[in-house]
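In case you want the letters, here they are:
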Amino acid sequence: MTWASVNRVDARPHPGEERLLVLGGGYTGQRFGRTLAARGLAVTLTRRDPPVGGDGEGGSEGEPGCPRWVRFDPANAVVPAAEALAGTTHVLVTIPPDGEGGDPVLTHLADVLQTLPLRWVGYLSTTGVYGDRQGGWVDEGTPEAPGLERSRARLACENAWRRQGLPLQVFRLPAIYGPDRTPFRDLRQGTAQIGRAHV
């Protein structure tokens, strides 16, 4: 993973004052949010279809350590009200570019984010922005050269976030793995789709 601190960041804890908003409550967003909620942080997660009456993992919304869910489905014009996000101090964005290559969060929530007392914004991007380096090393100083359309969209979204003037950190991830989310599981289940050429 590579990361770059883009704008001035003050992510120091202020007990009792922090409110985390995770935009994109999928695999990564849920685990990030639930970990911090378990430590006492007030956490709100968004998803197109939030779990009904709970957190999706056996907890009940409102219980200690259980995040609050808010629906965010821009494709169907469902956007959280500004009141639902009031007081947010930290934001993690895991939502990928939309079908047109734009950032759905900035398209629908940029104005609201500018009104929040934000101390930190994390944006999950991809090492795909560096392009195919033929096995060579990359770091934060390596020039971007995305080859795939989705990687070009990611880089465009990174730059759009940089222009917001928020306390931003961009995290460029090579891949996301976790329990039951590895190629080995698919191999065991006989569902792996791995292209190989035998010569």
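Summarised in this report is the structure supplied together with it. (Residues numbered from 1 in each chain as written. Predicted model: local features only at pLDDT ≥ 70, side-chain atom pairs only at ≥ 80, totals over all residues. Heavy atoms only, no water.)

### Some points on the overall build of the protein chain
- Secondary structure summary: the protein chain contains 5 helices and 7 strands in total.
- In the protein chain, the succession of helices and strands from N to C terminus is β-β-α-β-β-α-β-α-β-α-β-α.
- Taken across its 199 residues, the protein chain has 40% of its residues classed as buried.
- Partitioning the contacts of the protein chain with sequence separation of at least 6, the portion at a separation of at least 24 is 66%.
- Carbon and sulfur atoms provide 51% of the accessible area of the protein chain, an area that totals close to 11,600 Å². (Helix = DSSP H or I, 4+ residues; strand = E, 2+ residues; numbered from the N terminus. Buried < 20%, exposed > 50% of the residue type's maximum accessible area, 1.4 Å probe, protein only. Contact = heavy atoms within 4.5 Å. Areas by Shrake-Rupley, 256 points an atom, 1.4 Å probe, with all protein chains shown as cover.)

### Describing the layout of surface pockets
- Of the voids in this model, the largest pocket is the one considered here, and its volume is about 750 Å³.
- Around the largest pocket sit 30 residues that line it, and Gly-24, Thr-94, Ile-95, Pro-96 and Arg-154 are the ones nearest its centre.
- For the lining of the largest pocket, the elements supplying multiple residues, two or more each, are α1 (27-38), β3 (42-47), α3 (104-115) and β6 (120-126).
- Here the residues of the lining of the largest pocket sort into 13 nonpolar, 10 polar and 7 charged. (1 Å grid on protein atoms, 1.4 Å probe; cavity = no way out; pocket = protein on both sides within 12 Å on 5 of 7 lines; lining within 4 Å. Points joined across faces, edges and corners; volume = space filled by probe spheres on them. Nonpolar A, V, L, I, M, F, W, Y, C, P; charged D, E, K, R; others polar.)

### Notes on α3
- Listing the buried residues of α3 in full gives Pro-104, Val-105, Leu-106, Leu-109, Ala-110, Val-112 and Leu-113.
- Check the buried side of α3 and you find it contacts β2 (19-23), α2 (82-85), β5 (90-93) and α4 (149-162).
- The backbone nitrogen of Val-105 lies 2.9 Å from a side-chain oxygen of the residue at the head of α3, namely Asp-103. (Polar contact = N/O pair within 3.5 Å; in protein donor to acceptor, adjacent residues only side chain to side chain.)

### Thoughts on the pattern of salt bridges
- Counted by the stated rule, this structure contains 4 salt bridges.
- In this structure, Arg-172 and Glu-144 form a salt bridge, with 2.9 Å as the shortest nitrogen-oxygen distance. Here Glu-144 lies in the loop between β6 and α4 and Arg-172 lies in strand β7 (residues 168-173), a separation of 28 residues in the sequence.
- Using a relative accessible area of 5% as the deciding quantity, one classes Arg-172 as buried.
- The shortest N-O distance in the salt bridge between Glu-158 and Arg-162 comes to 3.0 Å. With a gap of 4 residues between them, Glu-158 and Arg-162 both fall in helix α4, about one helical turn apart. (Salt bridge = Lys/Arg side-chain N within 4 Å of Asp/Glu carboxyl O.)

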